[in-house]
Amino acid sequence: MNSKSLEERCSRILREMECSLTARDRVGLQDFVLLDAYTSETAFLDNLRKRFHENLIYTYIGTLLVSVNPYKELGIYTKKQMDVYMGVNFFELPPHIFALADNVYRTMISETNNHFILISGESGAGKTEASKKILQFYAVSCPSTRLLDNVRDRLLLSNPVLEAFGNAKTLKNDNSSRFGKYMDIQFDHRGAAVGGHILSYLLEKSRVVHQNHGERNFHVFYQLVEGGEDDLLRWLGLQRSCQNYRCLVKGDCAKVTSINDKNDWKTVRKALSIIEFSESDIEHLFAIIASVLHLGNVQFDANIRGYASLSNSNELHWLSKLLGIQTHVLQEGLTHRKIEAKAEEVLSPFTTEHAIYARDALAKAIYGRTFNWLVNKINESLANKDSSRKTVIGLLDIYGFEVFHVNSFEQFCINYCNEKLQQLFIQLTLKSEQEEYEMEGIEWEPVPYFNNKIICDLVEEKHRGIISVLDEECLRPGEATDLTFLEKLEETLNGHPHFVTHKLADQKTRKTLERGDFRLLHYAGEVTYSVKGFLDKNNDLLYRNIKDVMRQSQNNIIKLCFPKTEPDTKRRPETVATQFKSSLAGLTDILMSKEPWYVRCVKPNSGKQPATRIQAKYKGYRVKGDFLKQKEAATRIETCWRGLMARKEKEKRAWAVKVIKKFIKGFMTRNQPACMDNSEYLAFVRQNYLTRLKDNLPKSILQRNAWLTAPPIMQEASRLLQKMYIRLMVRQYIRGISAQRKAQLQLKATASSLFRGRKENYPFSVARPFADTRISEQDINIKVLQTICQEGVKYSVPVIKYDRNGFRPRFRQLIFTQVAAYLVEEGKVKQRMEFSSLRGVSVSNLSDNFLILHIACDDVKQKGDLVLQCDYLFEALTRLSVVTNNKNLVKIVQGSVRFDIQPGREGFVDFKSGSESMVYRAKNGHLMVESTRTKTR
């Protein structure tokens, strides 16, 4: 490359750098940590607004990513964009969800630990889309083979299926998740995605039978009616019009211009096949969806006696066909209830009100249980059969905080979930960060934050929390109603600063509350809940005789959803709120065991409009510069400031061109002998390598191979430094070893020389310390102890001895003294074997724990070799080789071992790998030992 072209290239690089940096400066700050007025909410929102108006929807707070929903396509999620962000330092490029996804992935690979990404924000803020973008990035960026591509496709296509069955249009969002989803993506040691697992939380089943005005039922119903093939609809007894189905039109918005149900149907149909749903599964699944539509159209009239009777036999016909249940059985289940009267069960007819309740309860149960079946089926498709160790990245896409005109039981549960996640966020970030400062003695300005534990306790505290009071009302005898539940809340929570009702409010507040409302002051703001329906939704009861009806179904999925083995006790099942509380506790445990990362999604406005204005308060955070440690933040601010000054001064730009030219020339001639062109570059390389080496020296002897790779010019020096450093580490390590630890390491070294690379399950014993003995002297019979104590007991271990004839197992104790091995049964020595007569010990190369002691004996009356099974095989044989001072005693064999039953009479033990561990006498008379194959990590 000539000097002119080199100069032009340098100038072009500088121009691109300058343009990029200038653009960033002009449109706010990429990281809120760098805000001068970091305590100002106005400054925070102003920075967010500036960037949003330039379609820069991502901004960092340290490593936390803030994402503002643009409500339009921006063209920033292409394959090219993914390539740009792969393997790049987190702060090197403009903020992007790909940058966070890549950083999580590379941290997981380098540290071999588990991580999760918590995607939070109110409903409609873009959480589900953020989750999809992360999945798509991993699908492209991870290593690829034909097998891995199948896993990738299933991970990606599980999304549209779960969205079809679990998402719906709400007033806030056209694709609102009406269930919580946590997905673990599993990676092998190479970083390839090899499997996944999904956990779902609290599907909003009530949507199946009721929708608020302006909302829809779950997507799949509309997709089937609008997009299903003509033959399929005929077979299901459906007409191509959503207006024909009562459970699809209660929100009065079956048609939505922003949703293409026909196209979405094609996507879901294709996805089901790729996720390995059989045609039979798909047929029965659509039959269930259609049956819910037909069930919603079932109507009841009151007969002369005031009891419910079915008024439309056509719907019953289709229900019978699709569910595979006889018509009269269905009719009886929908209009009668079985009750116990003394020693027998009798049928009690429903009123029309009870029949409607039973119908809706059945529709919700069918859909809810089918959704659980669907998640389990997807998990089967994503399951990784390899038992080797995996690292995981978890994606938590769970309901956003919701405030509607009327808020019911579902919003209460959803907002409680958000409180729990906010509490987790506080524990993992702000609170722990401040505690760390205090521990390290760093001077800092306290960050005031709202600790929402008080609200979590208000909801979930035993005996006093809202859930406990609700459960008590649901389960107590007598006429409990939604209003008696409210009265009990007022009695229990009177005076709580975050709880108010019409009765408890002051005069001004009382005007904003109905008599059937209670209001909670959440971390994100006030929400007023109507108690109407709380008891029914929390009970979620399905009459037992309707369960019996469903158990007669010939639909394969319904059979699994309503199993005959399901316990049908008279005890009430756990309420919905209590089940949800338990599942959230389990989710918290899962998340606390992993390293956290955060994406906070924000709605710019309530009208789902692109680039209008940031109107909502940034809920959930008090923004502070102290999200990073002070020294880190100060360094980054200083660097940023210097960069700004440099770009504003022309003479410094000229100097930069000169430096870059010299740097590039030095790089191009780096492999030539030292000269004027490369001397400064080589000096930089040496200094840079030594600086990096200083900061990345191995911390322990076990990491001595993790030495920083040296550039060619430093390879010889690096080799000498490494040699010296390892010697120093070894010397320091040896000095610090206690006598007990040294003895343990010597035993482990002996075990390694005996078994390493020779016995399949040896690697799993390495981390387990050897014990001095496995049987204390107090557990050895006193008579036996008196017999052998003069020889000095060295080690004892429980074993199973297999008879030489018939191979029956017997529990025994194996004791090593200084001169002999003893096989003991309670108070009796069954066999004494002097070490001088021990010919050897045979052990297979597989993962079993059998050993055969070979004893030299010429007298036919003497007992022969011993066949033993020992759970502490490596420890026992290492102890034996030490006490006998014979490291050649143990022989590793393959296939079969011949042993002496008695002099002149032989037996055999055969070893092989199998699907499970078994010990049995084979047809050929040999003892067969099968062991499962053990894969080393």
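Higher on the page you've got the structure.
**A few points about the overall build of the protein**
Scanning the protein from N- to C-terminus turns up 30 helices and 28 strands. Counting only residues that meet the buried cut, the protein has 49% of its 937 residues in that class. In the protein, of all internal contacts separated by at least 6 residues, the share reaching a separation of at least 24 is 64%. Summing over all exposed atoms, the protein offers an accessible surface of approximately 47500 Å²; the carbon and sulfur share of this is 50%.

**Regarding unusual backbone geometry**
Only a minority of non-glycine residues have a phi that is not negative, and only a minority of peptide bonds are not trans. Despite not being glycine, Asp 540 has its phi angle at roughly 50°, a positive value. Tracing the chain through its elements places Asp 540 in the loop between helix H20 (534-539) and helix H21 (544-550). The class of Asp 540 is partly exposed, set by a relative accessible area of 28%. One non-glycine residue, Glu 826, lies in the positive phi region at around 50°. On the basis of relative accessible area, Glu 826 is assigned to the exposed category, the value being 67%.

**As for helix H10 (residues 261-274)**
Because each turn of an α-helix spans 3.6 residues, side chains separated by three or four positions end up pointing in the same direction. End to end, H10 covers 20 Å across 14 residues, agreeing with the expected 20 Å (1.5 Å per residue, within 8%). Along H10, the residues classified as buried are Asp 261, Trp 265, Val 268, Ala 271 and Leu 272. The buried residues of H10 occupy an angular sector of 130° when projected down its axis, which confines them to one face. Opposite the buried face of H10, at more than 90 degrees from it, the exposed residues are Lys 266 and Lys 270. Positioned one or two residues after H10, Glu 276 has a phi angle of 75°, which is positive.

**Digging into the environment of Val 346**
Counting through the fold element by element, Val 346 comes out in strand S11 (residues 344-349). A residue is classified by how much of its surface remains accessible, and Val 346, at 30% relative accessible area, is partly exposed. Each C-alpha atom, one on Val 346 and one on His 336, is 9.6 Å from the other, the two residues being ten residues apart in sequence.

**Some points on the nonpolar core**
Counting 170 residues, the largest nonpolar core has Ile 117, Tyr 138, Phe 165, Phe 221, Phe 412, Phe 485 and Phe 518 as its most contacted members. One finds Val 799, Ala 821, Leu 853 and Leu 880 within the second-largest nonpolar core, a separate group that totals 32 residues.

**Notes on the packing of aromatic side chains**
The geometry of an aromatic ring pair is captured by the separation of the ring centres together with the interplanar angle, meaning the angle of the planes. What the rule picks out here adds up to 35 aromatic pairs. The interplanar angle of 45° and the centroid separation of 6.4 Å between the aromatic rings of Tyr 681 and Phe 684 together place this pair among those described as tilted. Here Tyr 681 pairs with Phe 684, and both are found in helix H26 (residues 679-695), just three residues apart, close to one helical turn. Measuring from ring centre to ring centre gives 5.8 Å for Trp 707 and Tyr 725, while their planes differ by 50°; the resulting arrangement is tilted.

**Section: the pairing of strand S17 (residues 793-802)**
Put simply, side chains in a regular strand alternate between the two faces of the sheet. Alignment of S17 against strand S18 (residues 809-817), held across nine bridges, turns out to be antiparallel. Counterpart to Val 797 in the pairing with S18 is Leu 814. Both S17 and strand S23 (residues 866-869) contribute to a ladder of three bridges, which runs antiparallel. Bridged to Lys 801 within S23 is Leu 868.

**Here we look at a positive patch on the surface**
Residues Lys 723, Arg 727, Arg 731 and Arg 735 make up a contiguous surface patch of positive charge. Following the sequence through the fold, Arg 731 ends up in helix H27 (residues 715-735). According to the relative accessible area criterion, Arg 731 is partly exposed, its value standing at 44%.

**Re the environment of Asp 230**
Relative to the helices and strands, Asp 230 resides in helix H8 (residues 230-236). Expressed as a C-alpha distance, the spacing of Asp 230 and Arg 240, which sit ten residues apart in the sequence, is 8.5 Å. Side chain to side chain, Asp 230 and Arg 240 meet in a polar contact 2.6 Å long.

**Section: the sheet that holds strand S3 (residues 115-120)**
What the seven strands build is an open sheet, ordered S1-S2-S16-S3-S12-S6-S7; its pairing is mixed. A single partner strand is all that each edge strand has here, and the edge strands are strand S1 (58-61) and strand S7 (193-201). Pairs of neighbouring strands in the sheet enclose a mean axial angle of 20°, with direction left out of account.

The rules behind each value
- Residues numbered from 1 in each chain as written.
- Predicted model: local features only at pLDDT ≥ 70, side-chain atom pairs only at ≥ 80, totals over all residues.
- Heavy atoms only, no water.
- Helix = DSSP H or I, 4+ residues; strand = E, 2+ residues; numbered from the N terminus.
- Buried < 20%, exposed > 50% of the residue type's maximum accessible area, 1.4 Å probe, protein only.
- Contact = heavy atoms within 4.5 Å.
- Areas by Shrake-Rupley, 256 points an atom, 1.4 Å probe, with all protein chains shown as cover.
- Expected span 1.5 Å × (residues − 1).
- Arc of directions from axis to C-beta.
- Core = buried A, V, L, I, M, F, W, Y, C linked by side-chain atoms within 4.5 Å.
- Phe/Tyr/Trp six-rings, centres within 6.5 Å; stacked < 30°, edge-to-face > 60°.
- Pairing = 2+ DSSP bridges.
- Patch = residues over 30% accessible without salt bridge, like charges linked within 9 Å, V, L, I, M, F, W, Y side chains within 5 Å.
- Salt bridge = Lys/Arg side-chain N within 4 Å of Asp/Glu carboxyl O.
- Lys, Arg positive; Asp, Glu negative; His and termini not counted.
- Charge placed at Lys NZ, Arg CZ, Asp CG, Glu CD.
- Polar contact = N/O pair within 3.5 Å; in protein donor to acceptor, adjacent residues only side chain to side chain.
- Axes fitted to C-alpha atoms, helices over the stretch in contact; angles between N-to-C directions.

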